[in-house]
Amino acid sequence: MADDRDLGPMLRGRLTYLLKYALLELDRLHEAHLESFGINARELAVLLLLADREPESQQQAAQRLRVDRTTMVGLLDALEAKSLVVRRPDAADRRRNVVELTDHGRATLEKATRASDEAERQLLAGLGEADAASLRQLLARIAAGDAVAH
């Protein structure tokens, strides 16, 4: 009987499939680890981005996360409904709103980050420390555009 993961040697060797499978598995782990905080991995990414910089507009945050405006509005609406972020007029330009974490958002972020770290540890557990660190470094280079030939 064939294993559901065995899609044959041609597909199994494709980077698209490998990255997709790894992401699906990480999403599954995140879902389990973040459930008690009432957020998902995408919402955690928004909180991490906002915590790391000065308050910025939702458009700026969307550009940095490479999500469309509609998706960002939905993410921020959900986070605002959970009292994790707040939108307020920008003091320098009253025509635009900036988004920032609430105190509850910062507290949730701290605990949820530890839970996310555990999900990542579980995903990479079979690799060993050196291989896991190498994978992170290589993916970081790709994400930064350093490994892409132009």
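Scroll up to find the structure this text is about.
Residues numbered from 1 in each chain as written. Predicted model: local features only at pLDDT ≥ 70, side-chain atom pairs only at ≥ 80, totals over all residues. Heavy atoms only, no water.

Visitor: I would appreciate a short explanation of the nonpolar core in the present structure.
Guide: Soluble, globular proteins show a tendency: their nonpolar side chains are buried together. If you look at the biggest cluster of nonpolar residues, it comprises 20 residues, and the most contacted ones within it are Ile39, Val46, Leu47, Leu50, Leu76, Leu79 and Val85. Taken together, the elements giving at least two residues each to this core come down to helix 3 (41–51), helix 4 (58–65), helix 5 (69–81), strand 2 (97–101) and helix 6 (103–124). Top contributing element to this core by residue count: helix 3, with five residues. Dropping the residues within four chain positions of it, isoleucine 39 is found in contact with Leu34, Leu44, Leu47, Leu79, Lys82, Leu84 and Ala112. (Core = buried A, V, L, I, M, F, W, Y, C linked by side-chain atoms within 4.5 Å. Buried < 20%, exposed > 50% of the residue type's maximum accessible area, 1.4 Å probe, protein only. Helix = DSSP H or I, 4+ residues; strand = E, 2+ residues; numbered from the N terminus. Contact = heavy atoms within 4.5 Å.)

Visitor: What should I look at first to understand the layout of surface pockets in this one?
Guide: In this approach the atoms are scanned with a rolling probe the size of a water molecule, which exposes any empty space left behind. Each pocket or cavity is described by its volume, and for the largest pocket that value is around 1500 Å³. Around the largest pocket, the lining is made up of 31 residues, and of these Leu23, Leu26, Glu120, Leu139 and Ala143 lie nearest the centre. Only helix 2 (15–34), helix 3, helix 4, helix 6 and helix 7 (129–144) provide two or more residues apiece to the lining of the largest pocket. Top element by residues in the lining of the largest pocket is helix 2. It accounts for 10 residues. Residue composition of the lining of the largest pocket, by class: 22 nonpolar, two polar and seven charged. (1 Å grid on protein atoms, 1.4 Å probe; cavity = no way out; pocket = protein on both sides within 12 Å on 5 of 7 lines; lining within 4 Å. Points joined across faces, edges and corners; volume = space filled by probe spheres on them. Nonpolar A, V, L, I, M, F, W, Y, C, P; charged D, E, K, R; others polar.)

Visitor: What is the right way to read helix 2 from this model?
Guide: Residue pairs spaced three or four apart in an α-helix point in one direction, given the helix's 3.6 residues per turn. Its 20 residues give helix 2 an end-to-end C-alpha distance of 27 Å, which sits within 8% of 28 Å, the value for a rise of 1.5 Å per residue. Within the sequence span of helix 2, burial applies to Tyr17, Glu25, Leu26, Leu29, His30 and Leu34. For helix 2, the elements touching its buried residues are helix 1 (9–12), helix 3 and helix 6. (Expected span 1.5 Å × (residues − 1).)

Visitor: It is not clear to me how the environment of histidine 30 should be interpreted in this structure. Could you clarify?
Guide: The topology assignment puts histidine 30 in helix 2. Residue class for histidine 30 comes out buried when judged on its relative accessible area of 6%. Separated by 51 residues in sequence, histidine 30 and alanine 81 have C-alpha atoms that sit 21 Å apart. Leave out the neighbours within four places in its chain, and histidine 30 touches Glu35, Ala41, Ser116 and Ala119.

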